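Read off the chains here:
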Amino acid sequence: MNVLLVYPRNPDTFWSFQHVLGFVAKKSALPPLGLLTVAAMLPGHWSLRLVDLNVRALADADLRWADYVFLSGMIVHRQSAHEVAARSAALGKPVVAGGPLFTTGHREFPEIPHFVLGEAEGVIERLARDMEAGAVQPEYRSQGWPDVRTTPVPRWDLVRTRDYVTMAVQFSRGCPFDCEFCDIVVMNGRVPRTKEPAQVIRELEVLRQHGWSDMVFIVDDNFIGNRKRTKALLREMVEWRARAAPKMGFLTEASVNLADDPELCELMVQAGFKKVFLGIETPSAESLEECRKQQNRKRDLADAVNTIQRAGMEVMGGFIVGFDSDPQDIFRRQFEFIQKTGVVTAMVGLLSALPETALYKRLAREGRIIAESCGDNTGAAINFVTRLDREFLLSGYRELMRRLYEPANYYRRIRTFLATYEPRGPTSRLSLADVKAFLRSLWVLGLRSAGRRQYWALLWTTLIGRPRKFRAAMELWILGHHFRRVASRI
């Protein structure tokens, strides 16, 4: 059986990092971990090819070779997925589609004959048998939540790791919280399911043996959803570092209550974690209550950010405007909070009702849904009738993003972060790509950019006054080039 696995093209979004990939001579930020994992579940005697459209074009010869096309993606990949499905159909190649885009939105793809809805473990064997028998069913859906301890090591041999900025590994699925707007509990449940620590170490060791020595994204939506098991993994990671001396560092996503656990923060730092993305959402207590973000309520969110950054990890933050409870001054409050805390990478998005979420269902009951979500957190699109004036929200959002990423404010935020941040833990290697990125920044940001004065001021003051923090500052000023481009076109 010849199976072609295709990952759609990333649009230009906040997380695509499209405008800085050239700085590090890479083609995409992240590999298609889901497809690589599914590939590892397929029969070993099958012939597999993987085409990531962010790395190379899909040729008709690829499609002609295939017996089946496996297609995956997220909501933001909707348009590209339609294009791949159309090309496959034109050449008579049946598509089997799975992943977040199709799990909650498969009805938007009448041109696709087969779907795997939900997680692949538990159904992939039946799908493979049906493919060999020529009797593939329209839908396959796993019953219950699969045991991720059965998930195999991804097929890294199907991609060139050097094409990507960051590698990806998964430890857990599911989140114990129940935020109204989030679709994680819809797709993965509220009880975190974790791999065994030795299983994750095995995946990391495979990457190390492939020669990977840069950053690895632990892609869990809440890495600390089960803190006891997370600590067990981290202790194994610390031991693995001492034994195998890997050069890679880590980043992940977590909930704000990470700041409540000094032992957990310390273990993450000693294991090599450099960054953590937090869903901060809003400084408005009423809006936090509205969206059921209980883990963020009755706490000093600014202090939580500072605690984690003092521990040795950069905090990246997710923020949302457009809640029914948002006050008229929400844009000012968001701006002041982000500037004060030094959350340099601040992804602010307008609230979107994602399919099958509690928010979507509530707004549907209220007759307020007017469109489907585009899946782009910074797309300046609202798919429901808002309480605040719609034009007020759109114009306020655009202005907020422009202010956050204009050079003066952005570089000021980097300085605030550097004043709090204490780099600790294993030192990540300085690669040739890092050196090239720095040299390119001298030209693009130091000579051509509108923020060149702020660039040179930060470069020299950091190099002279905070040399241990220079690398963190360099990465942030390069990322700022991408964020400004994204903010300018909102």
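Refer to the structure printed above.
Note that the structure is a prediction, hence the values are computed from the model and not measured. (Residues numbered from 1 in each chain as written. Predicted model: local features only at pLDDT ≥ 70, side-chain atom pairs only at ≥ 80, totals over all residues. Heavy atoms only, no water.)

Caption draft 1: Looking closely at the overall build of the chain. In terms of regular secondary structure, the chain is built from 18 helices and 14 strands. In terms of overall dimensions, the chain is globule-like: its C-alpha atoms have a radius of gyration of 22 Å, near the 23 Å expected for 490 residues. Counting only residues that meet the buried cut, the chain has 59% of its 490 residues in that class. Accessible surface for the chain amounts to roughly 20,000 Å². Of this, 52% is attributable to carbon and sulfur atoms. Of the side-chain charges in the chain, 68 are positive and 55 negative, and the distance between the mean point of each set is 6 Å. (Helix = DSSP H or I, 4+ residues; strand = E, 2+ residues; numbered from the N terminus. Rg over C-alpha atoms; globule rule 2.2 N^0.38 Å. Buried < 20%, exposed > 50% of the residue type's maximum accessible area, 1.4 Å probe, protein only. Areas by Shrake-Rupley, 256 points an atom, 1.4 Å probe, with all protein chains shown as cover. Lys, Arg positive; Asp, Glu negative; His and termini not counted. Charge placed at Lys NZ, Arg CZ, Asp CG, Glu CD.)

Caption draft 2: Here's a closer look at the pattern of salt bridges. Scanning the model with the defined rule gives 36 salt bridges in all. A salt bridge links Arg-235 to Glu-263, with the shortest nitrogen-to-oxygen separation between them at 2.9 Å. Separated by 28 residues along the polypeptide, Arg-235 in helix H8 (residues 227-244) and Glu-263 in helix H9 (residues 262-271) bring together distant segments of the chain. Residues participating in the shared-partner salt-bridge network are Glu-180, Glu-290, Asp-324, Arg-362, Glu-366, Arg-368 and Arg-387. (Salt bridge = Lys/Arg side-chain N within 4 Å of Asp/Glu carboxyl O.)

Caption draft 3: Spotlight on the pairing of strand E14 (residues 346-350). With five of five residues buried, E14 lies mostly within the body of the structure. With burial as the criterion, each face of E14 is covered, one bearing Ala-346, Val-348 and Leu-350 and the other bearing Met-347 and Gly-349. In the sheet, strand E13 (residues 314-321) pairs with E14 via five bridges, with the strands oriented parallel. Each bridged residue has a counterpart across the sheet, and for Gly-317 the counterpart in E14 is Ala-346. Crossover E13 to E14 through helix H12 (residues 330-341) is right-handed. (Pairing = 2+ DSSP bridges. Right-handed = clockwise from strand over helix to strand, strands pointing away.)

Caption draft 4: The packing of helix H16 (residues 432-448) against helix H18 (residues 470-488), seen in detail. Relative to each other, H16 and H18 sit at 55°, their axes nearing to 11 Å. Compared by their axis directions, H16 and H18 come out oblique. Of the two elements, H16 crosses H18, and the hand of that crossing is left-handed. Residue-level contacts link Asp-434, Ala-437, Phe-438, Ser-441, Val-444 and Leu-445 of H16 to Phe-470, Arg-471, Met-474, Trp-477, Ile-478, His-481 and Arg-484 of H18. Each residue belonging to the contact of H16 with H18 can be placed in one class, and the counts come to eight nonpolar, two polar and three charged. (Axes fitted to C-alpha atoms, helices over the stretch in contact; angles between N-to-C directions. Parallel < 35°, antiparallel > 145°, perpendicular 65-115°, else oblique. Left-handed = near helix turned anticlockwise from the far one by under 90°. Contact = heavy atoms within 4.5 Å. Nonpolar A, V, L, I, M, F, W, Y, C, P; charged D, E, K, R; others polar.)

Caption draft 5: Up close: the packing of helix H14 (residues 390-405) against helix H15 (residues 407-420). Where H14 meets H15, the closest approach of the two axes is 4 Å, and the angle between their N-to-C directions is 60°. The pairing of H14 with H15 is recorded here as oblique in orientation. In this structure, H14 uses Arg-403, Leu-404 and Tyr-405 to contact H15, whose residues at the interface are Pro-407, Asn-409, Tyr-410 and Arg-413. Of the residues belonging to the contact of H14 with H15, the class tally is four nonpolar, one polar and two charged.

Caption draft 6: Fine view of the nonpolar core. Judged by nonpolar contacts, the single largest core of 139 residues is most densely connected at Phe-70, Leu-204, Val-216, Leu-258, Phe-273 and Trp-477. Examining the composition of this core, we find that nine residues originate from one element, H18, more than from any other. Apart from residues lying up to four places away in sequence, Leu-258 is in contact with Ile-224, Leu-264, Cys-265, Met-268, Val-276, Ile-308 and Met-313. (Core = buried A, V, L, I, M, F, W, Y, C linked by side-chain atoms within 4.5 Å.)

Caption draft 7: Local environment of unusual backbone geometry. If you check the backbone angles, Ala-25 has positive phi at about 55° while not being a glycine. Considering the arrangement of structural elements, one finds Ala-25 in the loop between strand E1 (2-7) and helix H1 (33-41). With a phi close to 70°, Glu-356 is a non-glycine residue in the positive phi region. Tracing the chain through its elements places Glu-356 in the loop between E14 and helix H13 (358-365).

Caption draft 8: A look at the state of the cysteines. In total, this model carries zero disulfides according to the counting rule given. Cysteine Cys-265 shares no disulfide, and the gap to the nearest cysteine sulfur, in Cys-175, comes to 17 Å. (Disulfide = S-S within 2.5 Å.)

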